[in-house]
Amino acid sequence: MIRGIDVSSHQSSFDTDGLSFVFIKATEGRSYTNPKLAAQTKLSRDGGCVTGFYHFLWPGNIAAQAAYFVSKAPEKAGDLLAVDWETTGDGTHASNADKDRFIREVKRLRPHHRVLLYCNRDFWLNRDVTSYAGDGLWIADYVTAGKPRIQAQWTIHQYTSTPLDKNVADFESKATLEEWATP
C-alpha cells in the first residue's frame, strides 16, 4: 500500500514527504471553490505526488454541480477526480441516484480521468443501494490502515482524520498508481 492525504481550505500547508498522492477539495455545491486550490495543487505537484481533486456533493442540480466541479478542478493527465458523498452542513445529503448521476456526468465531461466515490462506512453500508463507485471506492473508516470494515473492494482507505485526513491506496507503488490513473 502507498500513503496519501486529503486536504481542504482548513489546511494552510502540508508536507508531501513520504506521500504518493494528495487529494484536494476543489468545490462544493454550485458556488464554493477552495481559495487555497491553486497553492495546494502546486504543493502536491511540486512534491511529486499523484494529485486528485474532490467535490463535496449537495442534493439537486447534479449536472450543474458536475459542470462547476470540472470547470474549477485543474486538468492534467493522470489527475484523479472524486465525489465526496456525505451529510452536508445543513444535515441533508444527496441521494444515491444523485451520487451515481454525478459520477457518470463527471466521467462524461472528463473521459480521460479516473473518477472515484468517497464516502464513509455508514453511507456505503446503509445509504448506498447500487454499489456504484465509478472507477474506485475511497472509503472512510477510522480503523487500522488498509483494513476498512466493508466487504467491497476498495481503492483508497481514509483511516484517520487526526491530525489530518490520512489515507492508504491499494497499489504496490506510486508508479502503479500513476499507470492506473491514466486510463
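These figures come from a predicted structure and were not determined experimentally. (Residues numbered from 1 in each chain as written. Predicted model: local features only at pLDDT ≥ 70, side-chain atom pairs only at ≥ 80, totals over all residues. Heavy atoms only, no water.)

Engineer: How should the overall build of the protein chain be read in this particular structure?
Structural biologist: Broken down by element type, the protein chain carries five helices and nine strands. Along the protein chain, helices (α) and strands (β) appear in the sequence β-β-β-α-β-α-β-α-β-α-β-β-β-α when read from the amino end. Pairs at least 24 residues apart make up 60% of the contacts formed inside the protein chain by residues separated by at least 6 positions. Summing over all exposed atoms, the protein chain offers an accessible surface of approximately 8400 Å²; the carbon and sulfur share of this is 47%. (Helix = DSSP H or I, 4+ residues; strand = E, 2+ residues; numbered from the N terminus. Contact = heavy atoms within 4.5 Å. Areas by Shrake-Rupley, 256 points an atom, 1.4 Å probe, with all protein chains shown as cover.)

Engineer: Would you explain the packing of aromatic side chains in this entry?
Structural biologist: Given two aromatic rings, their pairing is described by the distance between the two centres and the angle made by the two planes. Counted under the stated rule, the structure contains seven aromatic pairs. Measuring from centroid to centroid gives 6.1 Å for Phe69 and Phe102, while their planes differ by 35°, and the two rings are tilted. Placement of Phe69 in helix α2 (residues 62–72) and of Phe102 in helix α3 (residues 96–109) is noted, with a sequence separation of 33 residues between them. Taken individually, Phe69 and Phe102 each receive the classification buried, so the pair is uniform in this respect. One aromatic cluster in this structure is built from Phe21, Phe23, Tyr54, Tyr118 and Trp138. Over the ring of Trp85 we find Lys99, and its NZ or CZ is 5.2 Å from the ring centre. The ring of Tyr132 has Arg104 lying over it, and the distance from NZ or CZ to the ring centre is 4.0 Å. (Phe/Tyr/Trp six-rings, centres within 6.5 Å; stacked < 30°, edge-to-face > 60°. Buried < 20%, exposed > 50% of the residue type's maximum accessible area, 1.4 Å probe, protein only. Lys NZ or Arg CZ within 6 Å of the ring centre and 35° of its normal.)

Engineer: I keep staring at the pattern of salt bridges and nothing clicks. Help me out?
Structural biologist: Note that side chains of opposite charge can pair when their charged atoms are close. Per the stated rule, a full pass over the model turns up twelve salt bridges. The salt bridge involving Arg101 is made with Asp98; its shortest N-O contact spans 2.4 Å. Placement of both Arg101 and Asp98 in helix α3 is noted, with a separation of three residues, approximately one turn of the helix. A residue is classified by how much of its surface remains accessible, and Arg101, at 45% relative accessible area, is partly exposed. Owing to a relative accessible area of 9%, Asp98 belongs among the buried residues under this scheme. (Salt bridge = Lys/Arg side-chain N within 4 Å of Asp/Glu carboxyl O.)

Engineer: I keep staring at the environment of His55 and nothing clicks. Help me out?
Structural biologist: Tracing the backbone through its elements, the reader meets His55 in strand β4 (residues 50–56). Exposure remark for His55: the relative accessible area of 0% places this residue in the buried category. Along the primary structure His55 and Ala26 are separated by 29 residues, whereas in three dimensions their C-alpha atoms are 5.9 Å apart. For His55, the residues in contact, after removing those within four places along its chain, are Thr27, Glu28, Gly29, Gln65, Phe69, Ala82, Val83, Asp84 and Phe102. Polar contacts involving the side chain of His55 include one to the side chain of Gln65, which spans 2.9 Å. (Polar contact = N/O pair within 3.5 Å; in protein donor to acceptor, adjacent residues only side chain to side chain.)

Engineer: Sorry if this is basic, but what is going on with the pairing of strand β7 (residues 136–140) here?
Structural biologist: Within a regular beta strand, the side chains point alternately toward one face of the sheet and then the other, so they alternate between its two faces. Summarising burial for β7: five of the five residues are buried, a large majority. Here β7 shows two buried faces, one formed by Gly136, Trp138 and Ala140 and the other by Leu137 and Ile139. Across five bridges, the pairing between strand β6 (residues 114–120) and β7 is parallel. Across the sheet, Asn120 pairs through a bridge with Ala140, a residue of β7. Once the chain exits β6 it traverses helix α4 (residues 121–127) before rejoining the sheet at β7, and the crossover so formed is right-handed. Where β7 meets strand β8 (residues 156–160), three bridges bridge the pair, whose relative direction is parallel. Bridged to Ala140 within β8 is Gln158. (Pairing = 2+ DSSP bridges. Right-handed = clockwise from strand over helix to strand, strands pointing away.)

Engineer: Just checking my understanding: could you explain the environment of Arg108 for this structure?
Structural biologist: Along the chain, Arg108 turns up in helix α3. A relative accessible area of 53% means that Arg108 is categorised as exposed. Taking the C-alpha atoms as reference points, Arg108 and Asp170, 62 residues apart in sequence, are found 25 Å from one another. A distance of 2.7 Å separates a polar atom in the side chain of Arg108 from a polar atom in the side chain of Glu105.

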